[in-house]
Structures are given as structure tokens and as C-alpha cells.
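What follows is each chain in one-letter form.
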Amino acid sequence: MSMRHYDCKNYINLDCEKGMCAVSKGFVPIDGEGSQACPQFKQAEKCGNCKNFINSDKYGVGTCTGLEKENWAYATCGAFACRGYAAK
Ligand code: SF4
């Protein structure tokens, strides 16, 4: 799967269609044409790339095992401020 701006640490979400790149300061689309990441891509912290996120289904819903109590979580959920986050 190719990485998208949306998954990059430098992506700043603006609305449901686009964001801004903190490196280039340009607008970038969330999906569709032009949404592929550039060579400066840095993986953003998200539940889906945490070691403590397991058993993801086809919708990206899985189980978080990194906090006191296990609970469901979305793979796309931002985890930059999560104390249980552990990059894969
Ligand atoms: S992939 Fe490149 S252009 Fe896209 S947000 Fe990240 S640094 Fe910016």
C-alpha cells in the first residue's frame, strides 16, 4: 500500500478534503489524485502502527492493549499524545 500525505507526520488537517504540508506549506489532498506521499514522508503516530494495536478487522477497527484496560480503537486514530503508543 502506498503511503499518503494523510499518514504523514507533516500533514496538518484543514477540512474533509485537504490538508497542508508543514514542509512545503502547500495544500495536499486527503485522497484521490495527488494524495501519494513524497520522499520526505515521516510516518505519523496512529493506533494502526502501534505495537499495542491488534486484531484489526477489514474496517480498521481493532483492539488497543497498551493502556490499563483493553478497548476497541480505530487504526486511523491519531496517537501522538498517547502514553501507551509504541511504534512498530
Ligand atoms: S508526504 Fe511530503 S508533501 Fe506530503 S505531508 Fe509529508 S512531507 Fe509533506
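First, a word on what this report is: a plain description of the structure on this page. This one's a predicted model, so the numbers in the text were calculated from it and none came from an experiment.

Thresholds, definitions, all that
- Residues numbered from 1 in each chain as written.
- Predicted model: local features only at pLDDT ≥ 70, side-chain atom pairs only at ≥ 80, totals over all residues.
- Heavy atoms only, no water.
- Helix = DSSP H or I, 4+ residues; strand = E, 2+ residues; numbered from the N terminus.
- Buried < 20%, exposed > 50% of the residue type's maximum accessible area, 1.4 Å probe, protein only.
- Contact = heavy atoms within 4.5 Å.
- Pairing = 2+ DSSP bridges.
- Near = heavy atom within 4 Å.
- Nonpolar A, V, L, I, M, F, W, Y, C, P; charged D, E, K, R; others polar.

### With respect to the overall build of the protein
Within the protein, the regular secondary structure consists of zero helices and six strands. Taken from N to C terminus, the helices and strands of the protein fall in the order β-β-β-β-β-β. Along the first, second and third principal axes, the C-alpha set of the protein runs to 40 × 25 × 25 Å. A burial count over the protein gives 24% of its 88 residues as buried. Long-range contacts, defined as pairs at least 24 residues apart, comprise 46% of the intrachain contacts of the protein with a sequence gap of at least 6.

### Here's the deal with the side chain of H5
The residue H5 is located in the segment before β1 (11-13) in this model. Discounting residues that sit within four places of it in the chain, H5 has contacts with Y11, V28, P29, G34, S35, Q36 and A37.

### Comments concerning the sheet that holds strand β4 (residues 53-54)
Read across the open sheet, the three strands follow the order β4-β5-β6; overall the sheet is antiparallel. Strands at the two margins of the open sheet, each flanked by one partner only, are β4 and β6 (71-74). The pairing of strand β5 (residues 61-64) with β6 spans four bridges and is antiparallel. Counterpart to V61 in the pairing with β6 is Y74.

### What about unusual backbone geometry?
Phi angles above zero are rare outside glycine, and K25 is one such case at about 65°. Residue placement: K25 occurs in the loop between β2 (18-21) and β3 (27-29). We note that N55 has phi near 55°; this positive angle belongs to a residue other than glycine. With respect to the element layout, N55 can be found in the loop between β4 and β5. N55 sits in the exposed class, given a relative accessible area of 62%.

### Thoughts on the site of the ligand
Every residue near the ligand is listed here: H5, C8, N10, C21, A37, C38 and Q40. In the shell around the ligand, the residues fall into four nonpolar, three polar and no charged.

### Points about the environment of C16
Residue position: C16 is located in the loop between β1 and β2. By relative accessible area, C16 is classed as exposed at 72%. In this structure the C-alpha to C-alpha distance between C16 and N49, which are 33 residues apart in sequence, comes to 22 Å.

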